[in-house]
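Next come the chains, spelled out residue by residue.
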Amino acid sequence: MQEQINKLVADCKKQVAEANDLKKISELKAKFLGKSSPVNDLMKGLKDVAPADKPAFGKVINECRVAISELITSKEVEFKNLERSRKLQSETIDISLPSTKIEIGALHPITKVKNEIIKAFMGLGFNVAEGYEIEADYHCFQALNIPKDHPARDMQDTFYFSENTVLRPHTSPAQIRTMEVQKPPIKILCPGRVYRADDDATHSPIFHQIEGLVVDKNITLCDLKGILDEFARIMFSSESITRFRPSHFPFTEPSVEVDVTCMVCGGKGCRICKGTGWIEILGSGVVNRNVLSNCGIDPDVYSGFAFGMGIERIAMIKYGIPDIRMLYENDVRFLKQFR
Ligand SMILES: [Zn+2]
């Protein structure tokens, strides 16, 4: 019988050595150790052996079983390890690879410049007052001393919903609404989107404005000059100053166009400022007495000044942007420069 067992173990050893995957190993496991395996047959035969020989026979059969089991198990472990290391290899993360870059957004240049302007004026004691984009004709024109037959209405090229409702062409109605409900002193900034029927390299049908209004006792054109000079220094450069040129607006008297020192040449004269050394940034003036009266403020007691600037225009001057449409095209290559 020993010979038979030796042959069985040798046979198993040979087949295990030839096995090339886990599937084959589990087949061998069933073949050599399963219910109908030769080892099991030997065990079954034990009942026919004489009682005195049983322990010796049993020992030999058991040794055979252990030997076969070890052969198969060690090969099984070997395959399992191999498979695991192959799996690990395929799932290896190459930490030397450059990562996928996630682009971080940034404020749009118009928002950025708007925030800068607001910050500059808040430092000078102004509060923000926002109005409505759809406004009454009265708050956009009549209260601002622009009656229905006034030629300024053609200048504005306003979008009308109906005879009395418009898309606001300026943020001035926010000034009117503030003066209607608030007693002086008033010191407000009105930023917002405005609409005009205009479309070319320097005009867009939708653009953004910031207007300022100060109403108190003894407010003069000098106060306006002082505030705007300080704004120019904060916004553009410490060397910047402003200059006033006479103008005309129905809502201010006197009215002025305001220029600031050209930031490209510092006032010496260049192509950008057309050799003048100045760049126009806004319109302003002393609030017309009629406007104060329309809002229930006594013009004999109070006076004020107002100014209004296009945020796009300030952004274009500050960053040297040649075409207003670049601000609306949302070309990431353009916008990235302001990050
Ligand atoms: Zn210049």
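Computed from a prediction, not measured in an experiment: that's the story for all the values here. (Residues numbered from 1 in each chain as written. Predicted model: local features only at pLDDT ≥ 70, side-chain atom pairs only at ≥ 80, totals over all residues. Heavy atoms only, no water.)

A look at the coordination of the zinc ion
On the protein side, the zinc ion has Cys262 (SG), Cys265 (SG), Cys270 (SG) and Cys273 (SG) as donor atoms, found 2.2 to 2.3 Å from it. Viewed at the metal, the 4 donor atoms of the zinc ion are separated by angles of 104 to 114°, and the geometry they form is tetrahedral. When the donor residues of the zinc ion are listed from N- to C-terminus, their spacing reads C-x2-C-x4-C-x2-C. Remark: Cys273 occurs in the loop between strand 8 (252–261) and strand 9 (278–287) and Cys262 occurs in the loop between strand 8 and strand 9; sequence separation between them is 11 residues. The exposure classification of Cys262 matches that of Cys273, with both residues buried. (Donors = N, O, S within 2.8 Å, 3.2 Å for Na, K, Ca; no water. Tetrahedral: all angles 85-135°; square planar, octahedral: opposite > 155°, others 65-115°. Helix = DSSP H or I, 4+ residues; strand = E, 2+ residues; numbered from the N terminus. Buried < 20%, exposed > 50% of the residue type's maximum accessible area, 1.4 Å probe, protein only.)

Description of the domain arrangement of the chain
For the chain, the assigned domains are domain 1 (2–90) and domain 2 (109–338). Taken over C-alpha atoms, the centre of domain 1 sits 95 Å from the centre of domain 2. (Domains from an automatic or database assignment.)

Topic: the pattern of salt bridges
Within this structure, the stated rule accounts for 20 salt bridges. The partner of Glu163 in a salt bridge is Lys148, and the shortest N-O contact between them spans 3.5 Å. You can see Glu163 sitting in the loop between strand 3 (160–162) and strand 4 (165–167) and its partner Lys148 sitting in the loop between helix 6 (137–140) and helix 7 (152–156), a full 15 residues away along the chain. Of the residues examined, Glu163 reaches a relative accessible area of 58% and is grouped as exposed. Its relative accessible area of 40% is what places Lys148 among the partly exposed residues. With its nearest N and O atoms 3.0 Å apart, the salt bridge here joins Asp323 to Arg325. Arg325 sits in the partly exposed class, given a relative accessible area of 35%. By sharing partners, the salt bridges in this structure join Arg243, Arg245, Asp259 and Glu280 into a single network. (Salt bridge = Lys/Arg side-chain N within 4 Å of Asp/Glu carboxyl O.)

A short note on the packing of helix 1 (residues 2–18) against helix 4 (residues 54–90)
How two helices sit against one another is set out by the angle between their axes and by the gap between those axes. Two elements in contact, helix 1 and helix 4, have axes whose closest approach is 10 Å; the angle formed by their N-to-C orientations is 5°. As far as their axial angle goes, helix 4 and helix 1 are roughly parallel. For the pair formed by helix 1 and helix 4, the contact residues are Gln2, Ile5, Leu8, Val9, Cys12, Lys13, Val16 and Ala17 on the first element and Val60, Ile61, Cys64, Ala67, Ile68, Leu71, Ile72 and Lys75 on the second. (Axes fitted to C-alpha atoms, helices over the stretch in contact; angles between N-to-C directions. Parallel < 35°, antiparallel > 145°, perpendicular 65-115°, else oblique. Contact = heavy atoms within 4.5 Å.)

Regarding helix 8 (residues 172–181)
Most of helix 8 sits inside the fold, with 7 of its 10 residues counted as buried. Of the positions making up helix 8, those classed as buried are Ser172, Pro173, Ala174, Gln175, Ile176, Thr178 and Met179.

Considering the sheet that holds strand 4
Taken together, the 3 strands give an open sheet; going across it, the order is 2-4-3, and neighbouring strands pair in antiparallel fashion. Because the sheet does not close on itself, it has two edges, and the strands there are strand 2 (134–136) and strand 3. Geometrically, the sheet is characterised by an average inter-axis angle of 30° between neighbouring strands, direction not taken into account. (Pairing = 2+ DSSP bridges.)

Focus: unusual backbone geometry
Only a minority of non-glycine residues have a phi that is not negative, and only a minority of peptide bonds are not trans. Of the consecutive residues Pro184 and Pro185, the connecting peptide bond is found in the cis state with omega at 5°. Tracing the backbone shows Pro185 in the loop between helix 8 and strand 5 (186–195). Looking along the chain, the bond that leaves Glu253 and enters Pro254 is cis, with omega of 0°. Looking at the secondary structure, you find Pro254 in strand 8. Unlike most non-glycine residues, Asn218 shows phi in positive territory, near 60°. Along the polypeptide, Asn218 turns up in the loop between strand 6 (206–216) and helix 9 (221–235). Judged by its relative accessible area of 68%, Asn218 falls in the exposed class. At Asn330, a residue that is not glycine, the phi angle is positive and equals roughly 55°.

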